Amino acid sequence: MSMRRVAPAIALFFLSPLVAEFLLGDFTLAQLSFVLALAPAYGGAAVVIRELTRRAGRGWPTIILLALAYGVIEEGLETQSLFNPHYLNAHLLDHGFVPALGIAVPWTLFVLALHTVWSVSTPIALVEEWTTRRATPWLRLPGLIFFAVLAVVGAVFTFAISYADGHFMAGPAQLAITGVVAVGLIVTAFRLPRTTAPSPGVDVSGSAAGATAASPGVDVSGSVAGATARSAGADVSGAAPRPWVVLVAMLGAGFVFFVGDALPAVAGAVLLAVALAGAAFLVVRWSRKPGWDGRHRLATAGGALLTYAWHSFLMQPVIKASPAMIVVSHAVFALAAVLLLVFEARRVLARHVSRATAGFAAVG
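Residues numbered from 1 in each chain as written. Predicted model: local features only at pLDDT ≥ 70, side-chain atom pairs only at ≥ 80, totals over all residues. Heavy atoms only, no water.

Student: Describe the overall build of the protein, naming the residues involved and giving the relevant values.
Tutor: Tallying secondary structure elements over the protein gives 12 helices and two strands in all. Put simply, the protein has 364 residues, and 48% of those count as buried. Long-range contacts, defined here as pairs at least 24 residues apart, represent 80% of the contacts in the protein between residues at least 6 apart. Total accessible area on the protein stands at roughly 16900 Å², and carbon and sulfur atoms take up 74% of it. (Helix = DSSP H or I, 4+ residues; strand = E, 2+ residues; numbered from the N terminus. Buried < 20%, exposed > 50% of the residue type's maximum accessible area, 1.4 Å probe, protein only. Contact = heavy atoms within 4.5 Å. Areas by Shrake-Rupley, 256 points an atom, 1.4 Å probe, with all protein chains shown as cover.)

This is the structure in structure tokens:
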């Protein structure tokens, strides 16, 4: 197995828990070793979601639905925080609880969005934009099976740890409905139209397919942009906004999202939904316009990453720590996020300039 070939999968395996738990502010530097225990559940799932999507020739709509399914499975079946009123003694169901559903609407919206956007989608986007094999599988079948096994082990471990804390078990109807919802999301994800030909998992980075993917102006990523721009109803009026506009818009949506989490139940649920719908609308609309490329995709992921970075300073870790350790940890993880974006932005921009130069040379 070539390390160069699997390096992006390994990077995603560890980046997912680092974003999901450490950049969020749940753990400090003192618990950094916990990433080894958290990676199978978070990173294993992220790698499997990304690989299955790209192997099936599908793109970001599929990734988003699978990420949402992952959130439903983790919070509904593994930790069962959607139904447990005493989970971590955090009183998560005190606000906006709907007895008929057995859930608190604000918490459900909030935590499923955290997993969909930050635990899975943002790390995938960051690693994909870093590598030159953004649209092709990174693993052969044995590698995919290996990470799938890790994901299952991580899920079992998550359930065991959560169950040991209070021995809570949701009702049969709640568990059954959760399972049906998760399966429905997964089935729907793979019934979406293909945006590229299904791949058997062969590395095409040096092949004709890889050359095509690197050609100026060609988007074979299977993203929302690629899927809709080729459709008959694509929006070709105007051009995609500048990347910094996308970054600011995503930061604004993130701010509204976390403000909504701090509001009373009804107002908070409404604001959470508005922030999520608004961000989704803008990304879908902008990605259909000419000129949308890796710089914009990185700006979208960067807005989410920086949102976690600033919000972490408002968080208290789940394990008690000194005020100095908390502040230093938040600062270190936030700085790491900024540096990651700076280095990746330089890489993506250099790639964009290279393709633009090649395009001009070809025209000349």
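After that view, the rundown keeps rolling.
Student: Give me the lowdown on the packing of helix α2 (residues 35-55) against helix α4 (residues 105-130), citing residues and values where you can.
Tutor: Running from N to C, α2 and α4 point in directions that differ by 60°, and their axes come no closer than 10 Å. The chirality of how α2 crosses α4 is right-handed. For the pair α2 and α4, the contacting residues are Tyr 42, Ala 46, Ile 49, Arg 50 and Arg 54 in the first and His 115, Ser 119, Val 120, Ile 124 and Glu 128 in the second. For the contact of α2 with α4, the per-class residue count stands at five nonpolar, two polar and three charged. (Axes fitted to C-alpha atoms, helices over the stretch in contact; angles between N-to-C directions. Left-handed = near helix turned anticlockwise from the far one by under 90°. Nonpolar A, V, L, I, M, F, W, Y, C, P; charged D, E, K, R; others polar.)

Student: Describe the pattern of salt bridges, listing the residues and the values that go with them.
Tutor: One pass over the full model with this rule turns up six salt bridges. Put simply, Glu 128 and Arg 50 hold a salt bridge, and the shortest N to O gap is 2.8 Å. Linking Glu 128 in helix α4 with Arg 50 in helix α2, this pair joins segments that are 78 residues apart in sequence. Ionic pairing is found between Asp 293 and Arg 295, a salt bridge with its closest N-O pair at 2.9 Å. Note on Arg 295: relative accessible area 25%, which makes it partly exposed. Beyond isolated ion pairs, a larger network of salt bridges with shared partners links Arg 50, Glu 51, Arg 54 and Glu 128. (Salt bridge = Lys/Arg side-chain N within 4 Å of Asp/Glu carboxyl O.)

Student: Tell me about the packing of aromatic side chains, and name the residues and values.
Tutor: Overall, the coordinates contain 18 aromatic pairs when judged by the stated rule. A cation over an aromatic ring shows up here: Arg 50 above the ring of Trp 138, its NZ or CZ 3.7 Å from the ring centre. (Phe/Tyr/Trp six-rings, centres within 6.5 Å; stacked < 30°, edge-to-face > 60°. Lys NZ or Arg CZ within 6 Å of the ring centre and 35° of its normal.)

Student: Tell me about unusual backbone geometry, residues and numbers included.
Tutor: Positive phi is not limited to glycine here, since Leu 88 has a value of about 55°. Along the chain, the position of Leu 88 falls in the loop between α3 (60-78) and β1 (97-98). In this structure, Asn 89 takes a positive phi of about 55° despite not being glycine. Asn 89 gets classed as exposed once you look at its relative accessible area, which sits at 63%.

Student: So what's going on with helix α6 (residues 172-191)? Which residues, and what values?
Tutor: Across its 20 residues, α6 extends 28 Å between first and last C-alpha, which sits within 8% of the 28 Å expected from 1.5 Å per residue. Within α6, the full set of buried residues consists of Thr 178, Ala 182, Leu 185 and Ala 189. Along the long axis of α6, the arc covered by the buried residues comes to 60°, so they all point the same way. Across α6 from its buried face, at more than 90 degrees, point the exposed residues Pro 172, Ala 173, Ile 177, Val 180 and Arg 191. Contacts made by the buried residues of α6 are with α3. (Expected span 1.5 Å × (residues − 1). Arc of directions from axis to C-beta.)

Student: So what's going on with the confidence of the model for the protein? Residues and values would help.
Tutor: Looking at the protein, pLDDT values average 90 and 88% of them are 70 or higher. A low-confidence stretch, residues 202-234 (pLDDT under 50), is modelled with 53 contacts involving residues beyond four sequence positions or located in other chains. (pLDDT = per-residue confidence, 0-100.)

Student: Please provide a residue-by-residue account of the packing of α3 against α6, values included.
Tutor: Running from N to C, α3 and α6 point in directions that differ by 165°, and their axes come no closer than 8 Å. By the angle between their axes, α3 is roughly antiparallel relative to α6. Here α3 runs over α6; the crossing is left-handed. Every residue of α6 that contacts α3 at Thr 62, Leu 65, Leu 66, Leu 68, Ala 69, Val 72, Ile 73, Gly 76 and Leu 77 is listed here: Leu 175, Thr 178, Val 181, Ala 182, Leu 185, Ile 186, Thr 188, Ala 189 and Phe 190. When the residues that make up the contact of α3 with α6 are grouped by side-chain class, the tally is 14 nonpolar, four polar and no charged. (Parallel < 35°, antiparallel > 145°, perpendicular 65-115°, else oblique.)

Student: Could you give me a rundown of the nonpolar core, with the residues and numbers involved?
Tutor: Within the largest apolar cluster, 70 residues are counted, with the highest numbers of intra-cluster contacts made by Leu 23, Trp 107, Trp 118, Phe 257 and Tyr 308. Looking at which element gives the most residues to this core, the answer is α4, with 12 residues. Among all residues touching Trp 107, those that are not within four sequence positions of it are Ser 81, Leu 82, Leu 92 and Leu 93. Counting 10 residues, the second largest nonpolar core, distinct from the first, contains Val 246, Ala 249, Ala 253 and Ala 299. (Core = buried A, V, L, I, M, F, W, Y, C linked by side-chain atoms within 4.5 Å.)

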